[in-house]
Amino acid sequence: MTSDDKYPKVSGRRRFVKGVVGGAALAGIGTATSGTVNTMTNPSGAGGGVTEYFGIEKLFGPAPRGMPQIPVVIDDDGFLMGLWPKVSEIIEGGRKVTVAQQEIAGVTYSSDWFQYCGVQTYPGVKPLADQDNYFRYANNPPYKWQKEEVSPGAKVHIDDFEDYVTWGNSIGKAGVGKPAFATWRSQDVPPQVQMPVQLIRSTIVDNLISNAQGETKQWLQESCSQGFIAILDKCTHFCCVPGFKSFTDSEKFDGADLIYCQCHQSVYDPFSIIKDRFVALPRTEE
Ligand code: FES
């Protein structure tokens, strides 16, 4: 672990798009997922290993890296889905394994992106899980609008975000973006193994795409839609569920308009997308 991983610098700067992050983040992943991650071998389950991904940048706090994005797709009826990578069979280590992976913008988008913090054991991360990929509103959301206007389990619809340009709550500034707390690939799955998702619709997302370049621009064009961005909402530190405009104490840690983790005050910027890498854990045996 580098000292930067352990004691991140506090900075007020806002970077909108950054380039590839190197080995420091990779070295730090051991503390993010498990103290016993072996970076040299690939244990028995499927998938795992060194994994390059696009995600939101970690700005402050002990989390070693950003959280991975889930590409957003909006169907013809206006319902939001997370793109699940194409499923195929490959030969790995001399045996046939089923994988979910596809190339997007120069990276391999795969189920490995979500294999940390125990999510590697969740039913929804299995390539062939019987799930339809729609985002569904989660139970107990931190947002008053979500509690009052939509029902847990209902599919997320674009019309629920019509006021996203001006929306605000008592935390931070209005007009930064409208959030929802959702689940993905977790229908009829016990709450403790549901994949949590932070959804945000923001005009900043469209600006981000306009200002990006190269493969990052291509990635953003493929992964964001109509101002929506989706993130697997599992803190890379000790696996709590952070939130955008969810916790009032975020204001004390410069995180009122960012994604803040209440457990140990890590702050992530949902409007700064970086390419990073980490050691994904293998899925459990199928
Ligand atoms: S900062 Fe520790 S779990 Fe999020």
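Just above, that's the structure.
What you see is a predicted model; the values in this text were computed from it and never measured.

If you check which residues of helix α5 (residues 214-223) are buried, you get Thr216, Trp219, Leu220 and Ser223. With its buried residues spanning 100° around the axis, α5 presents them on a single face.

This brings us to the sheet that holds strand β11 (residues 228-232). With antiparallel pairing, the four strands of this open sheet are ordered in space as β8-β9-β10-β11. The open sheet has two edge strands with one neighbour each: β8 (136-137) and β11.

What follows deals with the pairing of strand β5 (residues 87-92). Taken together, the six bridges between β5 and strand β6 (residues 95-104) define a ladder with antiparallel strand orientation. Within β6, the position partnered with isoleucine 91 by the bridge is lysine 96. The hairpin formed by β5 and β6 contains two residues between the paired strands, and glycine 93 there has a positive phi angle of roughly 60°.

Once that is clear, we can look at the nonpolar core. Counting residues in each nonpolar core, the largest one holds 65 residues, and the members touching the most others are Ile70, Leu80, Phe114, Phe135, Trp184 and Leu199. Apart from residues lying up to four places away in sequence, isoleucine 70 is in contact with Gly82, Leu83, Tyr109, Phe114, Phe135, Trp184, Val197, Ser223, Ala230, Ile231 and Leu232. If you look at the next biggest cluster of nonpolar residues, it comprises six residues, including Phe60, Phe247, Tyr260 and Val267.

As a further point, take the pairing of β11. Counted residue by residue, β11 has five buried out of five residues, so it is predominantly covered. In β11, alternate side chains face the same way, and those of Phe228, Ala230 and Leu232 on one face and Ile229 and Ile231 on the other are all buried. In this structure, strand β10 (residues 195-201) lies alongside β11, joined through five bridges in antiparallel fashion. The partner of arginine 201 across the bridge, within β11, is phenylalanine 228.

With antiparallel pairing, three strands are arranged side by side in an open sheet as β5-β6-β7. With one partner strand each, in any of the chains shown, β5 and β7 (107-110) form the two edges of the open sheet. Within the sheet, the average angular offset between the axes of one strand and its neighbour, ignoring direction, is 60°. Alignment of β6 against β7, held across four bridges, turns out to be antiparallel. Residue pairing across strands places isoleucine 104 opposite valine 107, the latter belonging to β7.

Bringing helix α4 (residues 203-211) into the picture now. Residues of α4 that are buried: Ile204, Val205, Leu208 and Ile209. The arc that holds every buried residue of α4, seen down its axis, measures 145°, which confines them to one face. In α4, the exposed positions angled more than 90 degrees off the buried face are occupied by Ser210 and Asn211. Of the residues flanking the start of α4, the one acting as N-cap is serine 202, its side-chain oxygen 3.0 Å from the backbone nitrogen of isoleucine 204.

Right, let's talk about the side chain of glutamine 131 for a bit. Secondary-structure assignment places glutamine 131 in the loop between β7 and β8. Separated by 3.5 Å, the side chain of glutamine 131 and the backbone nitrogen of serine 186 make a polar contact. Contacts of glutamine 131, omitting those with residues within four sequence positions, involve Arg185, Ser186, Gln187 and Val189.

Conventions we followed
- Residues numbered from 1 in each chain as written.
- Predicted model: local features only at pLDDT ≥ 70, side-chain atom pairs only at ≥ 80, totals over all residues.
- Heavy atoms only, no water.
- Buried < 20%, exposed > 50% of the residue type's maximum accessible area, 1.4 Å probe, protein only.
- Helix = DSSP H or I, 4+ residues; strand = E, 2+ residues; numbered from the N terminus.
- Arc of directions from axis to C-beta.
- Pairing = 2+ DSSP bridges.
- Core = buried A, V, L, I, M, F, W, Y, C linked by side-chain atoms within 4.5 Å.
- Contact = heavy atoms within 4.5 Å.
- Axes fitted to C-alpha atoms, helices over the stretch in contact; angles between N-to-C directions.
- Polar contact = N/O pair within 3.5 Å; in protein donor to acceptor, adjacent residues only side chain to side chain.

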